[in-house]
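Observations on chain architecture
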Amino acid sequence: MTERTPLIAGNWKMNLDHLQAIALIQKVCWTLNDADFDYNEVEVAVFPPFTDLRSAQTLIDAEKFEVKLGAQDISAHDKGAYTGEISGAMLAKLDVDYVLVGHSERRQYHGEQDDLLNKKVASCFANALTPVICVGETLEELETRGQAAVPVEQTLAALDGHKQLGDFVIAYEPVWAIGTGKVATSDEAEAVANEIREAIRSKHGDIADQIRILYGGSVKAANVAGFLAKDNVDGVLVGGASLESEEFSGICRYKKHIVL
Ligand code: PEP
C-alpha cells in the first residue's frame, strides 16, 4: 500500500496584509510546536496573497518553521509584457513550494478555462513548483451531470499533453461547498477522489498511487477527521477556517479527532 503524507493547505484568498500574515504564521507554528505534532506525518502549507509571500518566506527561513509556502496563482507565461502577472520563476525564487491552479474563484471571476490552466500547470512543472489543481462541479453541474464527471474532466484536461508530469496535487472542491457552510459528506468526497485517482491511473499509470487528492469546501476542525479517515482523501484545502490560528491548528491536529 502506498503511503501518502496528508497535506493540510490553508488558502487565505485576498485577506491579511504582510504584518498580519507574519502574525498568523507565527501563531499557527507556535501552536503546533509541541511533541504531539510531527510535520513529517502531516504536511502543512499556507497560501497567502502574493504581497505577503516575501515576508512569509523571510519569517519561515529565520525561524526555521516547517510550514510550507504556497501561492494562489501563477502566470502561464515565463516573463515579458504581461502586466500584473507573476511568473513561476519569481515564485520559485521566493522558495514557494505549492501553487493553486484553477481555484473555482479564478474559473468563475476571471474566466479561466482548461486550456489556460493546462499551461499554468506546465509553468509549475518548468519551475519545480507543485501545482494544487483545483477541480469541482457547480450546483447546476451536480444536478445535471452528477458529482464526479466535471472534476474528472477538469483533472484530465489539466494533465493532458505535458512532456513529463512533475509532482502534483488535486483538490476536489465542490463549488457549492466553498464558503457556503454546505459540506459534501466524507463518503461523497471519497467516491469522487476514487474516481479522479482511477481516471489518472487509466491515462498516466501508477503515479496515480502517489498523487495526493484533497477535499475542500467548508472544512473545519469539527468535520476534518471524517474526510481524512477515508482511503482516497489525502488532505484538505481550507479557506475561511485557515484565517483563524486556533481553528487551523485544530484542523492540522485532525488525528486527535479520529477515533480508531
Ligand atoms: C477554498 O476557498 O478553497 C475553500 C475550500 O473555502 P472554504 O473552506 O471557506 O469553503
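Residues numbered from 1 in each chain as written. Predicted model: local features only at pLDDT ≥ 70, side-chain atom pairs only at ≥ 80, totals over all residues. Heavy atoms only, no water.

Focus on the overall build of the protein
Assigned secondary structure in the protein consists of ten helices and eight strands. In terms of overall size, the protein behaves like a compact globule, its C-alpha atoms giving a radius of gyration of 17 Å where 260 residues would be expected to give roughly 18 Å. Taking the principal axes of the C-alpha coordinates as reference, the protein spans close to 55 × 45 × 35 Å. Across the 260 residues of the protein, 51% fall into the buried class. Of the contacts made within the protein by residues no fewer than 6 positions apart, 74% connect residues no fewer than 24 positions apart. Accessible area for the protein stands at about 12,400 Å²; split by element, carbon and sulfur atoms hold 49% of it. Separation of charge centres in the protein, based on 24 positive and 40 negative side chains, amounts to 3 Å. (Helix = DSSP H or I, 4+ residues; strand = E, 2+ residues; numbered from the N terminus. Rg over C-alpha atoms; globule rule 2.2 N^0.38 Å. Buried < 20%, exposed > 50% of the residue type's maximum accessible area, 1.4 Å probe, protein only. Contact = heavy atoms within 4.5 Å. Areas by Shrake-Rupley, 256 points an atom, 1.4 Å probe, with all protein chains shown as cover. Lys, Arg positive; Asp, Glu negative; His and termini not counted. Charge placed at Lys NZ, Arg CZ, Asp CG, Glu CD.)

Some points on the side chain of Glu190
With respect to the helices and strands, the residue Glu190 is situated in helix α8 (residues 186–204). At 6.5 Å, Lys230 is the nearest oppositely charged side chain to Glu190, a buried residue that forms no salt bridge. Reaching out from Glu190, the side chain makes a polar contact with the backbone nitrogen of Asp231 at a distance of 3.5 Å. Among the polar contacts listed, one links the side chain of Glu190 to the backbone nitrogen of Asn232, at a separation of 2.8 Å. (Salt bridge = Lys/Arg side-chain N within 4 Å of Asp/Glu carboxyl O. Polar contact = N/O pair within 3.5 Å; in protein donor to acceptor, adjacent residues only side chain to side chain.)

Here's the deal with the side chain of Lys120
Mapped onto the elements of the fold, Lys120 is located in helix α5 (residues 114–126). Residues within four places of Lys120 in sequence aside, it is in contact with Asp73, Ile74, Ser75, Ala76, Val101 and Glu112.

Examining the nonpolar core
One broad rule of soluble globular proteins: the nonpolar side chains tend to lie buried together. Of all hydrophobic cores here, the largest spans 66 residues; its most connected members are Ile8, Ile25, Val99, Ile170, Ile196, Tyr215 and Ile251. Excluding residues within four positions of it along the chain, Ile196 makes contact with Val135, Pro151, Val152, Thr155, Ile170, Tyr172 and Ile213. Core analysis: the second largest hydrophobic core is formed by twelve residues, Ala9, Phe47, Tyr98 and Leu214 among them. (Core = buried A, V, L, I, M, F, W, Y, C linked by side-chain atoms within 4.5 Å.)

Note that every value here comes from positions in space, so none of it alone points to a role or purpose.
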